[in-house]
Every structure is written in C-alpha cells, then in structure tokens.
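Observations on chain architecture
Each chain is listed here by its residues.
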Number of protein chains: 4
Amino acid sequence: MLQTLRTEVYEANLELVRRGLVIYTFGNASAVSPEERLIVIKPSGVPYDQMRPGDMVITDLDGRVVEGSLRPSSDLPTHAALYCAFPSIGGIAHTHSRHATAWAQACREIPCLGTTHADYFCGSIPVTEALSPNEIESDYEANTGAAIIRLLQGRDPLGCPAALVAGHAPFFWGKSVTDAVHTAVIVEELAAMAWQAMTINPSVQPLSSALRDKHYFRKHGPKAYYGQK
Amino acid sequence: MLQTLRTEVYEANLELVRRGLVIYTFGNASAVSPEERLIVIKPSGVPYDQMRPGDMVITDLDGRVVEGSLRPSSDLPTHAALYCAFPSIGGIAHTHSRHATAWAQACREIPCLGTTHADYFCGSIPVTEALSPNEIESDYEANTGAAIIRLLQGRDPLGCPAALVAGHAPFFWGKSVTDAVHTAVIVEELAAMAWQAMTINPSVQPLSSALRDKHYFRKHGPKAYYGQK
Amino acid sequence: MLQTLRTEVYEANLELVRRGLVIYTFGNASAVSPEERLIVIKPSGVPYDQMRPGDMVITDLDGRVVEGSLRPSSDLPTHAALYCAFPSIGGIAHTHSRHATAWAQACREIPCLGTTHADYFCGSIPVTEALSPNEIESDYEANTGAAIIRLLQGRDPLGCPAALVAGHAPFFWGKSVTDAVHTAVIVEELAAMAWQAMTINPSVQPLSSALRDKHYFRKHGPKAYYGQK
Amino acid sequence: MLQTLRTEVYEANLELVRRGLVIYTFGNASAVSPEERLIVIKPSGVPYDQMRPGDMVITDLDGRVVEGSLRPSSDLPTHAALYCAFPSIGGIAHTHSRHATAWAQACREIPCLGTTHADYFCGSIPVTEALSPNEIESDYEANTGAAIIRLLQGRDPLGCPAALVAGHAPFFWGKSVTDAVHTAVIVEELAAMAWQAMTINPSVQPLSSALRDKHYFRKHGPKAYYGQK
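Residues numbered from 1 in each chain as written. Chains lettered and ligands numbered in written order. Predicted model: local features only at pLDDT ≥ 70, side-chain atom pairs only at ≥ 80, totals over all residues. Heavy atoms only, no water.

A word on the relation of the copies chain B and chain A. What relates the two chain copies is a rotation about an axis together with a slide along it. When chain B is brought onto chain A, the operation consists of a screw motion whose angular component is 90 degrees and whose axial shift is 0.0 Å, with 0.0 Å RMSD remaining. What the superposition gives is, in effect, a four-fold axis relating one chain to the other. Considering only C-alpha atoms, the residue of chain B closest to the rotation axis is B:Thr199, which sits at 5.5 Å. An asymmetric contact is evident, with only 6% of the interface residues of chain B recurring at the interface of chain A. (Least-squares fit on C-alpha atoms with pLDDT ≥ 70 in both. Contact = heavy atoms within 4.5 Å.)

This is the structure in structure tokens:
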C-alpha cells in the first residue's frame, strides 16, 4: 500500500540524518497521499539505522492507523492538523536542528536578513505564540498544529514553508516530503547566518522589500527565471 | 570476569570519541555490576585507538583494583562516590565536550529553554558549588563526587541524569553506561542550543512548567506515550 | 570548444561543494577565455552531483549563449560585468557560504584583524552600498556587478580579490577560476575568525599598517619571499 | 640525514591538516636534532598533499640550509630563535587555527577558565606585545620569536608550551614536534571553550589557584598520578 510514498518518506527521514539535522530519534517526516488522503509517517522512537521502509506507519487524517504494526510518531496529530488545514501541501518535516531550534527557544522569528533567505521566504520565518496550559494539557500535539495554522492565517502555506514553534522547534512543509526536507536544510543554514549577522551588527535591518521581492520572485511565481524551467 | 559489561564499557568509551565528545584521553565511562557491585572503568591515559576491552580495569566500590594490569581512570573516586550514593544508576560518563564544558566553566546551570531539553530533564542541568581549597587538596576526585551528590540531594538521580562540575566539566549517568553516553550526546546538543538561544535573546525565559512537564512526562513515567512501549 | 577551461570551471564548482561553501545550487563559478573573451559558467539550478563538464554554458561578454543547451547561472550578468570592467581577472566564484554571508547580511566590511587576512588582502574586504529600488527592479544582476565595480574604483582588482554584496553574499575573483575558489575558502575562514575576535574583544582594532603591509608584501609583489618562487 | 626526525616532522605537519588546524599552506612544524642542533622544517608554500618526507628542509640554527632543495618555511627565523632561547624544547608548531587565532587577533590572552586548560597550562596562554614598526620592517620573523621569548622570560618554556602572537596566530612547542602538535590540538579546543564560556557569562573568573594547581600537578611534575606511569 502506497509503496512509492512509503519509500519517499523513509528516504526523507534518512536525509534529515545525513544532513546533520537529526540525532537519535529527534525528528520526523511524513507525506500525505493526494487521492486517498492517507498519511505515511515515521514510527515513534525507532533508531534510524534499524528503520526500514516497511516500518512507516499509514494513518488516516484523524490519526487512526490504517496499516503498520508500529506506533506512529507522537507528533502525528501536528502533521494531521496541518494536512487538514493546508490541502496544497504534500509533505511535512520536523527537526530539533541546532540553529533553527535556538531561534525557536529564543521565541524570535528569523528575520529576512539576506537574499539567501529571500530565495525561499518572502519575509520572516514566523514563530508561534506560546500555547496556554490548557492547550498543553489536552491534545497537545494537535494544538501545536493549530498554533501553526493560526500563524499562517490568510497566507498560502507554500509561500511560507516553515514555522518555529515557540520553545520547541521548527516544522517544515512543501508540495512533497522531499521538498519539506530540502527546506529544513535551507532553514538551518538561514538560522545560523542570521544568528551570526546579528552578533556582528546588533542593529542589522531586514532586507528592503525591493531586494526581498526581487529574489523571492526570481525563483517563485510566473516571472521566475532561476533554474532550467 | 564481567566480560559483557567490560565490552559495553569499552564500546561506550569509543562511542564518546565517535560522537566527537572526546579528544585524546579527555573523557571516561564506567559501569557497575548489579550483583557484585564491581566497577568496570577505562584505564587512565590510554589512547583510544590502542585500547582493548581487556584493558578495562575492574575495581571494588572503594576503588581497589580487583582485576586488570593498568591503572584505572584518575576520576575513578568520583565514579565510585556516585555509585555508592545512587544505587539506581548502572553507568557513568564524563567528558570535556566543548559546549557543555563551556557552561561548566561559566559556572552556570543550563536552563531548560526548550522541549528538546525537557524531553530529558525536567528542569535545569545543575552546576555544583566550587570546592573549597581543602576539598581540592585532599581526596579531590571523591570530593568532586560529593559535590555532585549534594547537588542532587533529595532528587531521584535518574530524573536528573547529568550535572556540571563548576570550572570543570559535565558528568552523566543512567541505568547503564550506554544510557549515560546517550545523555552525554544529548546534553552537548542542549548546551549548544541554549548558548545560541541566549545570544539571540538575552532575556530568554525557561520553558513554562506546563510545557516542560508535558514533554518530560511524554517520555518518562507511567503516562509516557513516546516510542514503541 | 574550450575543453580545458570547461573542465577547470566544472572542477572549481565541485571544489566549492567539497570545501563546504555551497549547499544545493547556492553558488557558481566561471572563467573567461583570454583570447576569445568567452565566459564558461555553471548552468542555473542543476544539482552538483548530476552536473558534467559538458553542462557548462559558454556565452559572450554580453551574456548571449554561444554553446550549451542549458540556461546559464542567473548571476551571469554579474560575472560578465566584472569581466568587462576588470580585464586582468580570469575567473569568478560566488557563494552563500555561512560566515562571509553573515558579514554581507550585517552590511559590514570584514576588517583586517590579523596576518591571516593580510596575507591575502591589504585592508578590509569591502561591502557594497545597497542597490536602489530602480537598480533592483531592472538589470538586477548587472547592477550587482556595477556596485562591485564602483566599490573597487581606482584599485587593482587582483589586489582586492573579493567583495561582499550588502544583504546578499560574497563574490571572489582571481587570475583563474581556481584562484577565485581558493580565495573563497580563505575568506570564509577570515570571516569566521573576525566574527569570533570581535565577540572576544568588541573594541578590537585593525592590524597596524606596518604589520598588514609586511604580511601582504611577503606574499605579493616584487619583494615577496613566501613559497618556492 | 636525520631520516627519523624528517619523518616525524613530515607526519606532524600532516597531523595539523588531519586535525583541521591548517588549510592550504597556513601552518608549519619543525624539530631540532638534540646533538647536531639542526632544524628540520616544512618547506615554504608546498601543498600538503604533494609534500614528501624528503621535502623537509634541514638548516642550522642561523637558518642556513644544510640539506634540501626547497626553501624552508618563511617562519624559520621564528623557530630558530625559539630553539636558541629554549634549549629544552625539541619541536615547534605554528597554525592559524580558527579559535586560537581569534584570541590572537583580539590581542587577549586565553584565561584559564577550566580544568581542561589547567591540565596543560598552569595559568593563561599569554599574548605578546605588538611589535614596533622597526621590528616589523627588519628581521620580522626573528623579532616575532624575540617577542615570544620576552613573554616567557623567567619561565620554563615546557611549563607554558604555547603563546599567542598579537594580531597574528599561536605558536606551540614541546619536547618533540609530536608534543607541539598535540598542544596545538588542545589549545584550539581551549580557545573555543573559553570563547563560549565568556559569551555565556561575561564576568566569568579564572579558576581558583587551588583547582588550577591541582589539575596541573595531577599531570605534571613528581606528584603526577594521571596516566600509566
């Protein structure tokens, strides 16, 4: 069932490790099948070097296991909430990678300080509000998804393919799980560069809207002219 | 004698090197056998690439060598003190890994700034008081253990599996030496993220107790729901 | 056509990846042929592990493709502007490498704080003025080149083989593309050291002109005595 | 001639590269033969991957080449000055490694903030005064040695096996060139930890003399009890 997607999700999880974004079992990646609307996600707490494509868990959008003998990632309700709210996305990744997580812990959005950032995000990478004690105590993972959804309200999620959860860590998404992992790699680099730029010049300002838009739309939308298409 | 434990201790010491936590002979790891209450520990100052499982030294809880032709790690009295005070622990690791040691040198506890931290520690990673000149001059290594024991007074040591020794470096422990090394890897990452988060937002606050407890108890205790158990 | 230069450009692009200066398709390198004045440049957005020497694109100095079926790097007009203005240079590299880009994002020149720097640059690594909205909106890449050219006005470009584009990233050049990549590696290291030196001593001063000149001219010009020549 | 020492110097130079302390041709290492008092040193500006043991240059203490067809490292007069002033040392290494060089560029000694440091240095790693323009303009490299010698005045050089040259970079020495390289690796780590400790706690104090001496003399002198001797 969903063999191709299962393999893509498996490979995406391994790529997080290879890129140095995940140690032990800190992260997870999932995809949703476009027709059946089934989620394929990493099992919870299984060491990456023992994981096989067949260990991926398949669930419905309510988080009920449809196939697989292992328990799904404990962050599944966050993934499910995002898939329900954002029908245009096909994959999600979540890491506790060092630099992006430092910004999440600092409860600060990552400002758009350079064209590297603007090539991927037309503005800051936003950070959620803190969850209330009630939201934490019941349905915590689903409420984490809800906080991200509130943050993105009124925006195209593919136009802002990542968010920081305050005090926690980043989530990334995209048309596919492969794209989500690609964004995870990029954001880790953006987070490192923004941190260093801020310590070099504490009064550094975000990029002008002209330069930000130039770079963003050089790669996105109908007037894009980067790459081979 | 204690072949299995000897191999586990040997492997744990090598894992510290593979994970980049130890250069040259800076660190050490040990285990205690549950029945005989014998300590298996790395020999002192032997290069890791020449070390063999048979080089591990076996001592009693008073630090007397029971088996082995090499001298045990000079930190043995610290390990022994912890095994005597904390009967629930089965292994100890000690490193001078960069980020955690920087916090120890700064004489600052590592605050719980994020869920990555709260997945392992339900609060700060504490730092000891400075030893007095008397404590340094006689029985220094045992007194280092005593300072850690005072710091943990009234707490379950498995609920706080690491401490920073002020001006020195971190110690880690757990049910097994493998667990202690796992914690060493995690704490190094937590130390790096906390350092960066503090420089991004100098007034960053510790995680709310609600979020901290949520993450800690998601992985620990009777209501845990992370992983495959 | 231009097989040797094509291979050198291909290898230079791969060297940027091997040296950790480029992830995904963030950078580019090119060379100009001394006689035909043709530019050999990386294609736009092609993954490095799929790229072959034959994928390099050959254009004239106006940026018109002379040979090659792929689109050239979108930064080609910047390269072309530099080749036109600086006839003495034979190669250009562009990266978004972490440390140098952090300085560009901070809109700060990299001061000459040590002899490592003075071995390569007889002064700061300068940073451009911000482009105006007009310059961004039309002929952006050519105007980026123009900003670098203005910055170097009246100087020998081989005496200052790099510049930071404000809010963007560094460009490097040299007698050959191999030299330009060498400079990219050096500047990344200089940027990291200057950042750390500034945080250790916020009032750190640039090197005295005596020490700066000593090191620069130990390696450059008629009185050089470094190396085997 | 001096085949064993030649090979040891060659290996020491390669070890600087393997340990990540040297890129391109930034560093050098040498040894002095105890009887003939001849210096074996790396040639100037030869890429490490093309260097062979036979390329090492042999000179007398006045820097005159005795054997070898290549030019010796341009820093030879610094090495020679140290060998003349410090008869107890047998080897020297010089790097521009990132963290130690940042301290040298900041013109700040590396304070003894922890036991890792005190295991090797019984106090700060000192930094030289700036050279005068006259000292820079004539006999620069020999005067660099003289500045280090002044800094160590009245001390056993083996008790302080490294110094930072202000605005330049660190020099390391020891009984052998292998020891000098070992110290280079350690100091790079100490420099990184001290930098981070200072940013975590800007008012961090050096280790108490009691703890500093305890660790230093645990490894050095007649009462040492670290290791297998």
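This part is about the interface of chain A and chain C. With 35 residues of chain A at the interface, the matching set in chain C holds 32 residues. Where chain A abuts chain C, roughly 3100 Å² becomes buried across the two surfaces, and 54% of that area is made up of carbon and sulfur atoms. It is A:Gln196, A:Ile200 and A:Gln228 that lose the most area in chain A upon contact with chain C, and together they represent 23% of the buried surface on that side. Summed over the shared surface of chain A and chain C, the number is 3 salt bridges. Residue C:Asp75 is joined to A:Arg218 by a salt bridge in which the shortest nitrogen-to-oxygen separation is 3.4 Å. The interface formed by chain A and chain C includes 16 residue pairs in polar contact (both at pLDDT 80 or more). (Buried area = accessible area lost by both parts, 1.4 Å probe. Salt bridge = Lys/Arg side-chain N within 4 Å of Asp/Glu carboxyl O. Polar contact = N/O pair within 3.5 Å; in protein donor to acceptor, adjacent residues only side chain to side chain.)

Taken as a whole and judged by the stated rule, the model has 16 aromatic pairs over all chains. Their ring planes at 85 degrees and their centres at 5.2 Å tell us that A:Tyr216 and A:Phe217 sit as a pair that is edge-to-face. Its relative accessible area of 45% is what places A:Phe217 among the partly exposed residues. With a centroid separation of 6.1 Å and an interplanar angle of 40 degrees, the aromatic rings of B:Phe26 and D:Tyr120 are classed as tilted. In this pair, B:Phe26 sits in the loop between α1 (3-18) and β1 (28-32) while D:Tyr120 sits in the loop between α4 (115-118) and α5 (133-137), so the two residues belong to two different chains. By relative accessible area, which is 10% here, B:Phe26 ends up buried. Taking the relative accessible area as the measure of exposure, D:Tyr120 reaches 14% and is therefore buried. Aromatic ring contacts, followed pair by pair, group A:Trp195, B:Trp195, C:Trp195 and D:Trp195 into a single cluster. (Phe/Tyr/Trp six-rings, centres within 6.5 Å; stacked < 30°, edge-to-face > 60°. Buried < 20%, exposed > 50% of the residue type's maximum accessible area, 1.4 Å probe, protein only. Helix = DSSP H or I, 4+ residues; strand = E, 2+ residues; numbered from the N terminus.)

Here we come to the side chain of A:Ser74. Inspection of the secondary structure assignment puts A:Ser74 in the loop between β4 (65-67) and α2 (76-85). Those residues in contact with A:Ser74, other than ones at most four positions away along the chain, are A:Ser44, A:Glu141, B:Arg218, B:Tyr225 and B:Tyr226.

Describing two packed helices takes the angle between their axes plus the distance from one axis to the other. Residues and elements named next belong to chain C. Across the interface, helix α3 (residues 98-105) lies against helix α7 (residues 177-200) with an axial gap of 7 Å and an inter-helix angle of 60 degrees. The angle between α3 and α7 places the two elements in the oblique class. Every pair of crossing elements has a handedness; the one defined by α3 and α7 is left-handed. Facing Arg98, His99, Ala100 and Trp103 of α3, the residues of α7 in contact are Val187, Glu188, Ala191, Ala192, Ala194, Trp195 and Met198. Here the contact of α3 with α7 is composed, by residue class, of 8 nonpolar, 1 polar and 2 charged. (Axes fitted to C-alpha atoms, helices over the stretch in contact; angles between N-to-C directions. Parallel < 35°, antiparallel > 145°, perpendicular 65-115°, else oblique. Left-handed = near helix turned anticlockwise from the far one by under 90°. Nonpolar A, V, L, I, M, F, W, Y, C, P; charged D, E, K, R; others polar.)

Residues and elements named next belong to chain D. Even without a glycine there, the phi angle at Cys107 is positive, about 55 degrees. Within the secondary structure, Cys107 is located in the loop between α3 (98-105) and α4. Note on Cys107: relative accessible area 45%, which makes it partly exposed. Positive phi is not limited to glycine here, since Asp139 has a value of about 55 degrees. Here Asp139 is to be found in the loop between α5 and α6 (140-151).

The next thing to look at is the pattern of salt bridges. If you walk through the whole model with that rule in mind, you get 44 salt bridges over all chains. With a shortest N-O distance of 2.7 Å, D:Glu141 and C:Arg218 are connected by a salt bridge. You can see D:Glu141 sitting in helix α6 and its partner C:Arg218 sitting in helix α8 (residues 209-219), one on each of two chains. For D:Glu141, a relative accessible area of 7% puts it in the buried group. Here the residues in one salt-bridge network are A:Glu11, A:Glu15, A:Arg18 and A:Arg19, joined through shared partners.

This brings us to the sheet that holds strand β3 (residues 57-59) of chain D. Residue and element names in this part refer to chain D. The antiparallel open sheet is built from 7 strands, whose spatial order is β4-β3-β2-β1-β5-β7-β6. Where the open sheet ends on each side, the last strands, each with one partner, are β4 (65-67) and β6 (162-164). Averaged over all pairs of adjacent strands, the angle between strand axes in this sheet comes to 25 degrees, irrespective of strand direction. Here β3 pairs with β4 via 2 bridges, running antiparallel. (Pairing = 2+ DSSP bridges.)

What follows deals with the interface of chain B and chain A. Across the contact, 36 residues belong to chain B and 32 residues belong to chain A. Between chain B and chain A, roughly 3100 Å² of surface is buried when both sides are summed, and carbon and sulfur atoms account for 54% of that area. The three residues of chain B that bury the most area against chain A are B:Gln196, B:Ile200 and B:Gln228, which together make up 23% of that side's buried surface. The interface formed by chain B and chain A includes 3 salt bridges. At the level of elements, α4 (115-118), α7 (177-200) and α8 (209-219) of chain B are the ones that each hand at least two residues to the side of chain B that touches chain A. When residues in the side of chain B that touches chain A are grouped by element, the largest group, 13 residues, is from α7(B). Residues that form the side of chain B that touches chain A fall into these classes: 17 nonpolar, 12 polar and 7 charged.

Turning to the side chain of A:Asn201, a few remarks are in order. Within the secondary structure, A:Asn201 is located in the loop between α7 (177-200) and α8 (209-219). Taking the relative accessible area as the measure of exposure, A:Asn201 reaches 8% and is therefore buried. Other than its neighbours up to four places away in sequence, A:Asn201 contacts C:Ala106 and C:Arg108.

Among covalent bonds in proteins, the disulfide is the one between the sulfur atoms of two cysteines. One pass over the structure, following the stated rule, counts 0 disulfides over all chains. Between B:Cys122, a free cysteine, and B:Cys112, which holds the nearest cysteine sulfur, the sulfur-to-sulfur gap is 7.6 Å. (Disulfide = S-S within 2.5 Å.)

Right, let's get into the arrangement of the chains. In this assembly chain B lies apart from chain C, the nearest approach of their C-alpha atoms being 11 Å. Here chain A and chain D are not in contact; the least distance found between their C-alpha atoms is 11 Å.

So, about helix α6 (residues 140-151) of chain B. Taking 1.5 Å per residue as the helical rise, α6(B) with its 12 residues ought to reach 16 Å, and the 17 Å between its terminal C-alpha atoms agrees with that figure. When α6(B) is considered as a whole, its buried residues turn out to be B:Tyr140, B:Glu141, B:Asn143, B:Thr144, B:Gly145, B:Ala147 and B:Ile148. Lining the buried residues of α6(B) we find α2 (76-85), α5 (133-137), β6 (162-164) and β7 (170-174) of chain B together with α4 and α8 (209-219) of chain D. (Expected span 1.5 Å × (residues − 1).)

The subject of this paragraph is helix α6 (residues 140-152) of chain A. Between the first and last C-alpha of α6(A) there are 19 Å, a value that for 13 residues agrees with the 18 Å anticipated at 1.5 Å per step. Among the residues making up α6(A), those that are buried are A:Tyr140, A:Glu141, A:Asn143, A:Thr144, A:Gly145, A:Ala147, A:Ile148 and A:Leu152. The inward-facing, buried residues of α6(A) abut α2, α5 (133-137), β6 (162-164) and β7 (170-174) of chain A together with α4 and α8 of chain B. Just downstream of α6(A) lies A:Gly154, where phi reads positive at about 80 degrees.

Here the focus is the environment of C:Ser88. Residues and elements named next belong to chain C. Here Ser88 shows up in the loop between α2 (76-85) and β5 (91-94). Taking the C-alpha atoms as reference, Ser88 lies 20 Å from Gly123; in sequence the two are 35 residues apart. Aside from chain neighbours lying at most four places away, what touches Ser88 is Asp156, Pro157, Leu158 and Lys175.

In the case of a regular strand, side chains alternate between the two sheet surfaces. Residues and elements named next belong to chain A. Among the 5 residues of strand β1 (residues 28-32), 5 are classified as buried, and the element is accordingly described as predominantly covered. In β1, alternate side chains face the same way, and those of Asn28, Ser30 and Val32 on one face and Ala29 and Ala31 on the other are all buried. The pairing of β1 with strand β5 (residues 91-94) spans 4 bridges and is classified as antiparallel. Bridge pairing in β5 places Ala29 opposite Ala93. With 3 bridges connecting them, β1 and strand β2 (residues 39-41) associate as antiparallel partners. Bridge pairing in β2 links Ala31 to Val40. Here β1 folds back onto β2, and the loop between the two strands holds 6 residues, one of which, Arg37, carries a positive phi near 55 degrees.

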